[in-house]
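What follows is each chain in one-letter form.
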Amino acid sequence: MKTKAYSIDDRQEMMCSQCDIEQVHKVLAVTKQGTITKAACETCESVSTFSRGVKTEFATGKGKNASPYDRLRKYRKGQAMMHEKFGRGEVTAVVEPHKIDVLFGNEVRRLVHEQS
Ligand SMILES: [Zn+2]
C-alpha cells in the first residue's frame, strides 16, 4: 500500500484522543519514508507518537479530561477514557464486537464495552 509521504510541519486531520473528534494535527516527526511518528493536535496540544502507523503513546496537552471508562458505552478507535485503575487510556482498536484494546501509557489492555 502506497501512502502519502509527510514532512515536518505538515497538517493532517486525525482522531484526537483528547478532543474526541478529528482535529488538524501538526506533524512533529517523520521517518525517512515519510511516515508520521509524532504529531500534535492544534486545538488541545496533545502529542501522539506512532510506530509503523500505529499510535504507541500519547501525551496530553491542555485539553479537557477524558470521560470515565464505562463498559456499557460503545467505544470507537481513537477515543479517550479515564480508567479508575489504569488511568488515562485511548482505544487503539475494536477487536471484537464487545472488546476493545486500550493503550494506557505504553501498555495495551483489553477491555469490554457495549455490555448490556
Ligand atoms: Zn485535541
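The rules behind these values
Residues numbered from 1 in each chain as written. Predicted model: local features only at pLDDT ≥ 70, side-chain atom pairs only at ≥ 80, totals over all residues. Heavy atoms only, no water. Helix = DSSP H or I, 4+ residues; strand = E, 2+ residues; numbered from the N terminus. Rg over C-alpha atoms; globule rule 2.2 N^0.38 Å. Buried < 20%, exposed > 50% of the residue type's maximum accessible area, 1.4 Å probe, protein only. Contact = heavy atoms within 4.5 Å. Areas by Shrake-Rupley, 256 points an atom, 1.4 Å probe, with all protein chains shown as cover. Lys, Arg positive; Asp, Glu negative; His and termini not counted. Charge placed at Lys NZ, Arg CZ, Asp CG, Glu CD. pLDDT = per-residue confidence, 0-100. Domains from an automatic or database assignment. Buried area = accessible area lost by both parts, 1.4 Å probe. Salt bridge = Lys/Arg side-chain N within 4 Å of Asp/Glu carboxyl O.

Per the secondary structure count, the chain includes zero helices and nine strands. Taken against the 2.2 N^0.38 rule, which gives 13 Å for 116 residues, the C-alpha radius of gyration of the chain at 14 Å falls within 12% of a compact globule. For the chain, buried positions account for 35% of its 116 residues. For the chain, the share of sequence-separated contacts (at least 6 apart) that also reach a separation of at least 24 residues comes to 27%. Taken as a whole, the chain presents about 7,200 Å² of accessible surface, with 49% of it coming from carbon and sulfur. Between the centroid of the 20 positive side chains of the chain and the centroid of its 15 negative side chains there is a distance of 3 Å.

What follows deals with the confidence of the model for the chain. Here the chain shows a mean pLDDT of 88. Residues at 70 or above account for 93%. Summarising per-element confidence for the chain, the mean pLDDT is lowest in strand 5 (residues 54-59) (78) and highest in strand 9 (residues 107-112) (96).

Taken as a whole, the chain is organised into domain 1 (11-59) and domain 2 (65-116). Computed from C-alpha coordinates alone, the two centres of domain 1 and domain 2 are separated by 19 Å. Facing the nine residues of domain 1 at the interface are 13 residues of domain 2. Between domain 1 and domain 2 lies a buried interface of about 840 Å² when both sides are counted; carbon and sulfur atoms form 47% of it. It is Met15, Asp20 and Phe58 in domain 1 that bury the most area against domain 2; as a group they hold 50% of the surface buried on that side. For the pair domain 1 and domain 2, the interface holds two salt bridges. With a closest N to O distance of 3.3 Å, Glu90 and Lys55 form a salt bridge.

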